[in-house]
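Notes for the structure review
Chain by chain, the residues:
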Amino acid sequence: MPFVLLNDVCKEYRRDAVGVRAAHKVSFTIERGELVMIVGPSGAGKTTVLNLLGGMDRCDSGEIIVDGVHVDAMSRRALTRYRREDIGFVFQFYNLVQNLTAVENIELATEISKRAASPMKMLQKVGMADRADHFPAQLSGGEQQRVSIARALCKKPKLLLCDEPTGALDFQTGQVVLRLLQQCCREDGMTVVIITHNRALIPMADRVIELSGGKVTSVTMQKNPLPVSEIKW
Ligand SMILES: Nc1ncnc2c1ncn2[C@@H]1O[C@H](COP(=O)(O)OP(=O)(O)O)[C@@H](O)[C@H]1O
Ligand SMILES: [Mg+2]
């Protein structure tokens, strides 16, 4: 059984009388320790699929299985625990709490998780230990994103889900963030899923899932993914 399995997952959003098929019969698998890219144009359903996988939303039909557990059949309480304990989320605009320092932002996340790592250790890991007492407004976009990655990783999640993590960053800081994500995968065995509309990032992935109009149009395995330093965009 694969580490992650989506089977015929459907999700429709209703706006007034009109239904939007955000995900239609989406099926794919992910193996433990893979770096996966979900690519596709704006509106393709990428965020919808990531939110379903991360337990932030529920599918209408189909199966979502993570590490042998049916996420699609979870009670509300189980889904809350799944989000707290098992999923690390990284967003395009970092979503740090503005009146808490870098280290306090991470502590906040560790408080709701059972097997959390030390916040300072996580800041060291992302190269931000010397900025622990700075507020988000005192950090650049790339630095804030590194803190948010430390926050996501501190609970040792089963899956690290990143929705356009470099969408708000310039090339150089984007590269630092992607190198960090690749390192989490290669050195720590983390399973990392990255959403992007930037096709230039595709060569760094083990597995590429293309979405269009709410459907999977292709899944490609790449035997020799490139290190981030060799990718230009
Ligand atoms: N909460 C929602 N309510 C209504 N429509 C939504 C909602 N979320 C997404 N959609 C619609 O579903 C489709 C897929 O959206 P999304 O998953 O955000 O795409 P992507 O992340 O690939 O840009 C779009 O047409 C979008 O407008
Ligand atoms: Mg999106």
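Residues numbered from 1 in each chain as written. Chains lettered and ligands numbered in written order. Predicted model: local features only at pLDDT ≥ 70, side-chain atom pairs only at ≥ 80, totals over all residues. Heavy atoms only, no water.

A short note on the overall build of the chain
Looking only at helices and strands, the chain has 6 helices and 10 strands in total. With the C-alpha coordinates aligned to their principal axes, the bounding extent of the chain is approximately 50 × 40 × 40 Å. Within the chain, buried positions represent 51% of all 233 residues. Sequence-distant contacts in the chain: of pairs separated by 6 or more residues, those separated by 24 or more amount to 70%. Surface exposure of the chain reaches about 10,900 Å², of which carbon and sulfur atoms provide 49%. Taking the average place of the 30 positive charges on the side chains of the chain and the average place of its 26 negative ones, the gap between the two points comes to 3 Å. (Helix = DSSP H or I, 4+ residues; strand = E, 2+ residues; numbered from the N terminus. Buried < 20%, exposed > 50% of the residue type's maximum accessible area, 1.4 Å probe, protein only. Contact = heavy atoms within 4.5 Å. Areas by Shrake-Rupley, 256 points an atom, 1.4 Å probe, with all protein chains shown as cover. Lys, Arg positive; Asp, Glu negative; His and termini not counted. Charge placed at Lys NZ, Arg CZ, Asp CG, Glu CD.)

A word on the sheet that holds strand S4 (residues 61-66)
A sheet is described by the order of its strands in space; here 4 strands give the open sequence S2-S1-S4-S5, paired in antiparallel fashion. Either end of the sheet is taken by a strand with one partner, and the two such strands are strand S2 (18-30) and strand S5 (69-70). The pairing of strand S1 (residues 4-15) with S2 spans 9 bridges and is antiparallel. When the sheet's bridge partners are listed, Tyr13 is paired in S2 with Val20. (Pairing = 2+ DSSP bridges.)

Observations concerning the pattern of salt bridges
All told, the structure shown has 10 salt bridges when counted by the stated rule. A salt bridge links Glu12 to Arg14; the nearest nitrogen and oxygen atoms lie 3.0 Å apart. Residue Glu12 is classed as partly exposed on the basis of its relative accessible area of 29%. We classify Arg14 as exposed; its relative accessible area is 60%. (Salt bridge = Lys/Arg side-chain N within 4 Å of Asp/Glu carboxyl O.)

Some remarks on helix H6 (residues 171-188)
With 18 residues, H6 should reach 26 Å at 1.5 Å per residue; the first-to-last C-alpha distance of 25 Å fits that figure. Listed as buried for H6 are Gly174, Gln175, Val177, Leu178, Leu180, Leu181, Gln182, Cys184 and Cys185. Residues of H6 that are buried in the fold lie against strand S3 (35-39), helix H4 (119-125), helix H5 (141-153), strand S7 (159-163) and strand S8 (191-196). Residue Asp170 occupies the N-cap position of H6, its side-chain oxygen lying 3.2 Å from the main-chain nitrogen of Gln172. Looking at the residues trailing H6, positive phi occurs at Gly189, about 75 degrees. (Expected span 1.5 Å × (residues − 1). Polar contact = N/O pair within 3.5 Å; in protein donor to acceptor, adjacent residues only side chain to side chain.)

Observations regarding the sheet that holds strand S10 (residues 215-221)
Across the sheet, 6 strands lie side by side as S6-S7-S8-S3-S9-S10; this open sheet has mixed pairing. Looking at the sheet topology across the chains shown, the edges are occupied by strand S6 (87-90) and S10. When the angles between neighbouring strand axes are averaged without regard to direction, this sheet yields 15 degrees. Pairing geometry for S3 and strand S9 (residues 207-212), over 4 bridges, is parallel. Opposite Ile38, over in S9, you have Ile209 as the bridge partner. Contacts from H6 reach S3, S7 and S8, with the element oriented near 150 degrees to S8. (Axes fitted to C-alpha atoms, helices over the stretch in contact; angles between N-to-C directions.)

Things to note about a positive patch on the surface
Where like charges cluster on the molecular surface, the positive patch consists of Arg58, Arg76, Arg83 and Arg84. Structurally, Arg58 is set in the loop between helix H1 (46-53) and S4. The exposure class assigned to Arg58 is partly exposed, which follows from its relative accessible area of 33%. (Patch = residues over 30% accessible without salt bridge, like charges linked within 9 Å, V, L, I, M, F, W, Y side chains within 5 Å.)

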